[in-house]
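Residue-level listing of the chains:
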Amino acid sequence: MNLPTRDGVGPSTVGLPGGNWPTVIDFFAERFPTVERAVWLQRMRDGLVLDEQALPVPPDAAYRPHTRLYYYRHLPVEPRIPFEAQVLFQDAHLVVVDKPHFLPTMPAGRYVQETLLVRLKQSLGLATLAPLHRLDRETAGVTLFAIQTTERAAYHALFAQREVHKHYEAIAPWHADLPPVYRSQIVPGEPFFRYKETAGEPNSETHIAVLERLGAWARYQLSPVTGRTHQLRVHMAALGVPIRNDRFYPEVVNIADDDYAAPLQLLARSIAFTDPVTGQARFFESARSLSV
């Protein structure tokens, strides 16, 4: 269902399983224990909870199992992340953006308005905009968005078929004997936001090259063949050369999210592919830089 965005944010979806909840509110109170019952009541009064016909769900609505509801999230005012993205390219199909450090790509957790996707929807007036891949909040650089909903699958297929060529840059300790190719199996770790290597068939592959030595540091080119979450960060830490200012690897460093003094020195430098819609050769490059 294509529901409109509100302040640049699309609705969330929840399926109603079989059960004996008397009302929708009773289900929401159990399903989302961190959201107060009064909050759901107010959302319903404000028309922010919709049924499968896009009709508002009233506060006293009876529970109907095996249906689907849509609701618009509401968060308190978010502190402004003081960094701006630059649009590198836009046509009828794609928006290509140079993302800054610290700005999440899309809504998650406590970030909604202060995300790249929502900012772009609002500034460009493109409600159908959708990210084709995701950069970590801590990572800067080139990010792709599709404009047309009917074309997303074609672009996603490029990533699935490994026909998108991505090159990153990273500042990390100098090491003379890093392997040119590193492979490992990456799985979810602890805490929930970290990943780790484990024994088994590799599911990740990164090509590594030294671009320049900078005293005790070096600027590396990292070219991922696969796209595992935190892949480059996990691989560099496993090789004994963790990326400069990495707060998660090799160990978690507790720094406040609004401490912008030491950005992770990882940059999505460039991306290249043959456009599946237009047939054109595409190449986009970040204008940002890293520092020691």
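So, how was this worked out
- Residues numbered from 1 in each chain as written.
- Predicted model: local features only at pLDDT ≥ 70, side-chain atom pairs only at ≥ 80, totals over all residues.
- Heavy atoms only, no water.
- Helix = DSSP H or I, 4+ residues; strand = E, 2+ residues; numbered from the N terminus.
- Buried < 20%, exposed > 50% of the residue type's maximum accessible area, 1.4 Å probe, protein only.
- Contact = heavy atoms within 4.5 Å.
- Core = buried A, V, L, I, M, F, W, Y, C linked by side-chain atoms within 4.5 Å.
- Pairing = 2+ DSSP bridges.
- Polar contact = N/O pair within 3.5 Å; in protein donor to acceptor, adjacent residues only side chain to side chain.
- Phe/Tyr/Trp six-rings, centres within 6.5 Å; stacked < 30°, edge-to-face > 60°.
- Salt bridge = Lys/Arg side-chain N within 4 Å of Asp/Glu carboxyl O.

Chemist: Help me understand the environment of Thr-198 in this model?
Modeler: You can see Thr-198 is positioned in strand β10 (residues 195–198). Accessibility expressed as a relative area gives 35% for Thr-198, which makes it partly exposed. For the pair Thr-198 and Ala-160, spaced 38 residues apart in the sequence, the C-alpha separation amounts to 23 Å. Leaving out residues up to four positions away in the same chain, Thr-198 has contacts with Gln-185 and Val-187.

Chemist: Quick question: what am I supposed to make of the nonpolar core here?
Modeler: What tends to happen in soluble globular proteins is that the nonpolar side chains get buried as a cluster. Judged by nonpolar contacts, the single largest core of 18 residues is most densely connected at Tyr-168, Ile-208, Tyr-220, Leu-222, Met-236, Val-241 and Leu-266. Secondary structure elements with two or more residues in this core: β8 (165–173), β12 (217–224), α5 (231–238) and β13 (266–274). If sequence neighbours within four positions are ignored, Ile-208 has contacts with Leu-178, Pro-179, Pro-180, Tyr-182, Tyr-220, Gln-221, Leu-222 and Leu-239. Counting residues in hydrophobic clusters, the runner-up holds 16 residues, among them Val-24, Ala-61, Leu-69 and Tyr-71.

Chemist: What should I look at first to understand the sheet that holds strand β2 (residues 49–50) in this one?
Modeler: Within a sheet, adjacent strands bond to each other through the backbone by hydrogen bonds, running parallel or antiparallel. With respect to topology, 3 strands assemble into an open sheet ordered β1-β3-β2, the strand pairing being antiparallel. The open sheet has two edge strands with one neighbour each: β1 (12–16) and β2. In this sheet, strand β3 (residues 67–71) lies alongside β2 in antiparallel orientation, the contact comprising 2 bridges. Bridged to Val-49 within β3 is Tyr-71.

Chemist: Would you mind going over the side chain of Asp-275 with me for this structure?
Modeler: On the secondary structure map, Asp-275 appears in the loop between β13 and β14 (281–285). Given a relative accessible area of 2%, Asp-275 falls into the buried group. Looking at Asp-275, its side chain comes within polar contact range of the main-chain nitrogen of Val-277, at 2.8 Å. Apart from the residues within four sequence positions on either side, Asp-275 is in contact with Leu-94, Tyr-155, Gln-280 and Arg-282.

Chemist: How should I be thinking about α5 in this particular structure?
Modeler: It helps to recall that an α-helix has 3.6 residues per turn; residues three or four apart then point in one direction. When you tally the buried positions in α5, you get 7 out of 8 residues, the bulk of the element. Listed in full, the buried residues belonging to α5 are Gln-231, Leu-232, Arg-233, Val-234, His-235, Met-236 and Ala-237. Next to the buried residues of α5 lie β8, β9 (181–188), β10, β11 (204–214), β12 and β13. Two residues or fewer after α5 comes Gly-240, characterised by a positive phi angle close to 85°.

Chemist: How should the packing of aromatic side chains be read in this particular structure?
Modeler: Geometrically, a pair of aromatic rings is defined through the distance of the ring centres and the angle of the planes. Enumeration according to the criterion identifies 18 aromatic pairs in this entry. Here Phe-83 and Phe-102 contribute two aromatic rings whose centre-to-centre distance is 5.7 Å and whose plane-to-plane angle is 25°, an arrangement assigned as stacked. Of this pair, Phe-83 sits in the loop between β3 and β4 (86–90) while Phe-102 sits in the loop between β5 (94–99) and α3 (116–124), and the two are 19 residues apart along the sequence. Exposure remark for Phe-83: the relative accessible area of 27% places this residue in the partly exposed category. Measuring from ring centre to ring centre gives 6.4 Å for Phe-273 and Phe-284, while their planes differ by 45°; the resulting arrangement is tilted. In this pair, Phe-273 is assigned in strand β13 and Phe-284 in strand β14, connecting sequence segments 11 residues apart. For the pair Phe-273 and Phe-284, one class covers both residues: buried.

Chemist: Quick question: what am I supposed to make of the pairing of β4 here?
Modeler: In the case of a regular strand, side chains alternate between the two sheet surfaces. Both β4 and β5 contribute to a ladder of 4 bridges, which runs antiparallel. Bridge assignment links Phe-89 to a residue of β5, and that residue is Val-96. Taken together, β4 and the strand that follows it, β5, pair antiparallel across an intervening segment of 3 residues.

Chemist: Could you clarify how one ought to interpret the pattern of salt bridges in this entry?
Modeler: When the charged atoms of two side chains lie near each other, side chains of opposite charge can form a pair. Applying the stated criterion across every chain, the model contains 16 salt bridges. Between Arg-247 and Glu-138 there is a salt bridge; the shortest N-O distance is 3.8 Å. You can see Arg-247 sitting in the loop between α5 and β13 and its partner Glu-138 sitting in the loop between β6 (130–131) and β7 (140–146), a full 109 residues away along the chain. Note on accessibility: Arg-247 and Glu-138 belong to one class, buried. A salt bridge links Asp-246 to Arg-233; its shortest N-O distance comes to 2.8 Å. On the criterion of sequence distance, the pair formed by Asp-246 in the loop between α5 and β13 and Arg-233 in helix α5 is long-range, its members being 13 residues apart. Judged by its relative accessible area of 8%, Asp-246 is buried. When its relative accessible area of 1% is taken as the criterion, Arg-233 is described as buried. A single network of salt bridges, built from pairs that share partners, joins Asp-136, Glu-138, Arg-233, Asp-246 and Arg-247.

Chemist: What should I look at first to understand the pairing of β5 in this one?
Modeler: Most of β5 sits inside the fold, with 6 of its 6 residues counted as buried. Neither face of β5 is open: one carries Leu-94, Val-96 and Asp-98, the other Val-95, Val-97 and Lys-99, and all of them are buried. In terms of strand pairing, β5 meets β7 through 6 bridges, oriented antiparallel. Considered in β7, the bridge of Val-97 is made with Thr-143.

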